[in-house]
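Read off the chains here:
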Amino acid sequence: MRTDRNAAAWRDVGRVVAGVGLVLACLWPGAGVLRGEEPAKAAAAFDGSRMALTIPEEAWQRVLADAGRPGGRLGYTPDELRPFGKDAHLLRNVQALFADVRTIPRESGRISSGFLDNAAKPSEVLARAWAQCDVSAGRMYAAPKAAEGKAWGLPEIDALAQPGEALAALLVEADPQVAALPPAVQRLLVRVLVGQSLAEPWVALARRALGEPWPREAAAAHAQLMAPWVDEQNDQTATLQPVGLDLVGRFDRARLAYAGQILAVHLERALEEWRAAPEADRQGSGPAQPLRLATRLGGALLLCGAGSDRVSVQEGVRLSLDLGGDDAWEGALGAAGPVGPGSSVHLDLAGSDRYMAPQGAALGAGVGGVGVLVDLAGDDTYDAGSGSLGRGLHGAGLLMDLAGNDRYRTRGSWGQGAGHVGVGALVDLAGDDEYECDQQSQGLGGTLGTGLLLDLAGNDTYVARDDGNISALYLGQSVAMSQGCGYGRRADLGDGWSLAGGVGLLLDGAGDDRYHAQVWAQGCGYWWGVGILEDRGGDDSYQNGKYSAGAAAHFAIGVCIDLAGNDLHNATNTTAKNQFQGHARDGAIGVFVDGDGDDGYDVNHNCAGSADLNSVALFWDRRGSDRYTFHPATLEGPPNGWNDTGAFGTCTRYPPFHSFRDDLPSWGVFLDTGGKDTYANERPAVGFTATPAADGQSWKPQPGPHVHGLGYDLDLFPR
């Protein structure tokens, strides 16, 4: 089935931007901490730290008392969740988050800070992404030490001190153009090839479980593995191509993760040395025409010089390197498939480049392997089909762009940081960037997977197209499942092979950003998945709709957190329906938090701390003079508990189910804890009464033993 500011705060943004300059100067190891986690302070002044986003104890104890849980927690135990059904491959960290809604923003902050503080380190990005989907491997793997006689870390060439000699030993045939390369370039190539060589046997072990006669083309293998997530019968999820389902639990993610760590550590060492090398050791134009050479490791080495080249890359390239120029690339760059080299790496050292891969499964993609693409400079454009731009499927895919105003476009699904049974990550360190996708992209975590889109700084735009995945079920709107989405395979209405979702993250470090999607986006969870969107600063604009901005359904968790800035949420967005900005349904938890700034919120019914059907919904605006406008839709039919549920701390009411649902409470909580706020009802609709929300007041529109709607406008953090 188709499923779908203030000046003090800007100090944090300044620290991030300064950190970017430090990263670009030092690049990988030793780049330092980009953002410190400071202790939460009781003072009213906002210190700009992420840890300040802790709901004050006095406010939370009041919520708990009014919610019938004095001194307790708002959440669900595993026993309480068990009647919903436990789908295969439920992640431990996902299940743990259900215990207490108050701890979810803290955990989201810990996770996002870990990524943002280590954004320039491929090994850290991959290790932390794997940890989110319950895999820990190679955490202390270290680069070789020359003092221990390990010049390169590969026994076959450790006795060869000169990089030119070592590089020649890794090639099938010597080539004078390789011998003429600058020493720093030769060293760079050797380091990466060694990392790939050491990773190769671990990829081979991980691939054993695949056991299929896979097509050599990664795109074809990708389509075969993803068929169960695409196929439908009678408009429901059902497939007669089950290989992708059969292999989910068999693929060796741990060994694949270890292989990725080995390669990433050697890649970091390579780039660190490249940046530290004297200019004289780096100067050189390289080959006049693209040069392809066979390696003794299997697969080819592709070298391009400093000119502006047009290059078409076929499968089987183990390592490609471009020295500069504004290049036009087409094909499988930094893309590993289930057949051929276990890893593929593309490095571009300079130039504003255009990358095209219409066939998909390319540009930092790992399908049964490890694929890495790193671009160090320039205003670049990336345009690719499904399964590209940081895609991991039974593998790991990483795309890193270090500088420039870049453009990313995914045509189809599963791009820009998407992982299924693996890790997919797109990391951009600087520039005003544009991201555009159709669906299931921009931080999409599928079964046993983590998807990460991390942008460290710049005024960025994130768009899930309105025509990307139109669904009649969602009133003709596009089901994005993007921008920080944890997504599971729901098949209770289809072939019965339901699978729990993974972890999807969209993390933005700084800048005035724009987010646009229609349905299921911006920190959303579906079917035992967790989706997180965190924005750390800037005056941002969000447009969304159903199940978005900290929303979840079907035993999942959605989290949307904006640290600071004067933000606008759905202003002028006339297409927004309902169920956003802290909404949860059917055993789920939805969390929306804003740290500071004078914000504008336009909401419809079932929004802003609105829980439905045994769920927990939390909306918290910490401080700022905010504007809230309620736009209810005219009721369709008589009030039924669902269609007449308002906003700002509400909860749906149902007649008895005569099942476990009658004993499982629901809580919808709205909190505004500082600033002079205004609440307005616009376009009064038939069947709705005016919202009771008001500045300095509290309200309980729907109290009950198992249904709790709670709203509070407090002045704990005055301006």
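How each quantity is defined
Residues numbered from 1 in each chain as written. Predicted model: local features only at pLDDT ≥ 70, side-chain atom pairs only at ≥ 80, totals over all residues. Heavy atoms only, no water. Helix = DSSP H or I, 4+ residues; strand = E, 2+ residues; numbered from the N terminus. Rg over C-alpha atoms; globule rule 2.2 N^0.38 Å. Buried < 20%, exposed > 50% of the residue type's maximum accessible area, 1.4 Å probe, protein only. Lys, Arg positive; Asp, Glu negative; His and termini not counted. Charge placed at Lys NZ, Arg CZ, Asp CG, Glu CD. Phe/Tyr/Trp six-rings, centres within 6.5 Å; stacked < 30°, edge-to-face > 60°. Salt bridge = Lys/Arg side-chain N within 4 Å of Asp/Glu carboxyl O. Axes fitted to C-alpha atoms, helices over the stretch in contact; angles between N-to-C directions. Parallel < 35°, antiparallel > 145°, perpendicular 65-115°, else oblique. Nonpolar A, V, L, I, M, F, W, Y, C, P; charged D, E, K, R; others polar. pLDDT = per-residue confidence, 0-100. Contact = heavy atoms within 4.5 Å. Left-handed = near helix turned anticlockwise from the far one by under 90°. Pairing = 2+ DSSP bridges.

**Student:** Which parts of the structure should I look at to understand the overall build of the chain?
**Tutor:** Scanning the chain for helices and strands turns up 13 helices and 45 strands. Computed over C-alpha atoms, the radius of gyration of the chain comes to 26 Å, within 12% of the 27 Å expected from 2.2 N^0.38 for 719 residues, which places it in the range of a compact globule. Scored against the burial criterion, the 719 residues of the chain give a buried share of 64%. Across the chain, the centroid of the 58 positively charged side chains sits 5 Å from that of the 89 negatively charged ones.

**Student:** What exactly am I supposed to notice about the packing of aromatic side chains here?
**Tutor:** By convention here, two paired aromatic rings are described through the distance between centres and the angle between planes. According to the stated counting rule, one finds 34 aromatic pairs in the structure shown. Ring geometry for Y526 and W527: centres 6.4 Å apart, planes at 40°, overall tilted. Neither Y526 nor W527 differs from the other in exposure class; each is buried. Between the aromatic rings of F648 and F670, the centroid separation amounts to 5.4 Å while the plane-to-plane angle is 75°, which identifies the pairing as edge-to-face. With a gap of 22 residues between them, F648 in the loop between β40 (627–630) and β41 (650–651) and F670 in strand β42 (residues 666–672) connect regions that are remote in the sequence. Considered together, F648 and F670 belong to a single accessibility category, that of buried residues.

**Student:** I keep staring at the pattern of salt bridges and nothing clicks. Help me out?
**Tutor:** Side chains bearing opposite charge may pair, as long as their charged atoms lie close to each other. Under the defined criterion, the tally for this structure stands at 27 salt bridges. Of the charged contacts in the structure, one is a salt bridge between R255 and D252, with a shortest N-O distance of 2.6 Å. When its relative accessible area of 32% is taken as the criterion, R255 is described as partly exposed. A salt bridge links E534 to R536, with the shortest nitrogen-to-oxygen separation between them at 3.1 Å. Salt bridges sharing common partners tie together R409, E436, D438, R465 and D467.

**Student:** How do you make sense of helix α6 (residues 122–132) when you look at a structure like this?
**Tutor:** Note on helix geometry: an α-helix contains 3.6 residues per turn, so any two residues three or four positions apart are oriented the same way. For α6, every residue scored as buried is listed here: P122, S123, V125, L126, A129, W130 and Q132. Backbone geometry just after α6 places D134 at a positive phi near 70°.

**Student:** Hey, could you run me through the packing of helix α9 (residues 183–207) against helix α12 (residues 253–276) in this one?
**Tutor:** Running from N to C, α9 and α12 point in directions that differ by 175°, and their axes come no closer than 8 Å. Between α9 and α12, the angle falls in the class roughly antiparallel. In terms of residue class, the contact of α9 with α12 is built from 20 nonpolar, 3 polar and 5 charged.

**Student:** Whenever I open this one, the confidence of the model for the chain confuses me. Can you help?
**Tutor:** The predicted coordinates should not be examined in detail at positions where pLDDT is low. Considering every residue of the chain, the mean pLDDT works out to 91; 92% of them sit at 70 or more. Within the model, pLDDT remains below 50 along residues 1–45, and this stretch shows 122 contacts once partners closer than five positions in the same chain are excluded.

**Student:** Looking at this structure, I do not really get the packing of α6 against α12. What am I missing?
**Tutor:** Working note: a packed helix pair is described by the angle between its axes plus the distance between those axes. One can describe the packing of α6 onto α12 by two numbers: an axis separation of 8 Å at closest approach and a directional angle of 165°. By the angle between their directions, the pair α6 and α12 is classed as roughly antiparallel. Here α6 runs over α12; the crossing is left-handed. Contacts between α6 and α12 pair P122, S123, E124, L126, A127 and W130 from the former with R253, L256, A257, G260, Q261, A264, V265, L267 and E268 from the latter.

**Student:** Just to check I follow, could you spell out the pairing of strand β19 (residues 434–437) for this structure?
**Tutor:** Two faces belong to every sheet, and in a regular strand the side chains alternate between them. The alternating pattern of β19 places Y435 and C437 on a buried face, while none of E434 and E436, on the opposite face, is buried. Where strand β16 (residues 407–410) lies against β19, 3 bridges are found, and the strand directions are parallel. Counterpart to Y408 in the pairing with β19 is Y435. Bridge count for β19 against strand β22 (residues 461–464) is 4 bridges, and the pairing is parallel. Bridging from a neighbouring strand, Y435 pairs with Y462 of β22.

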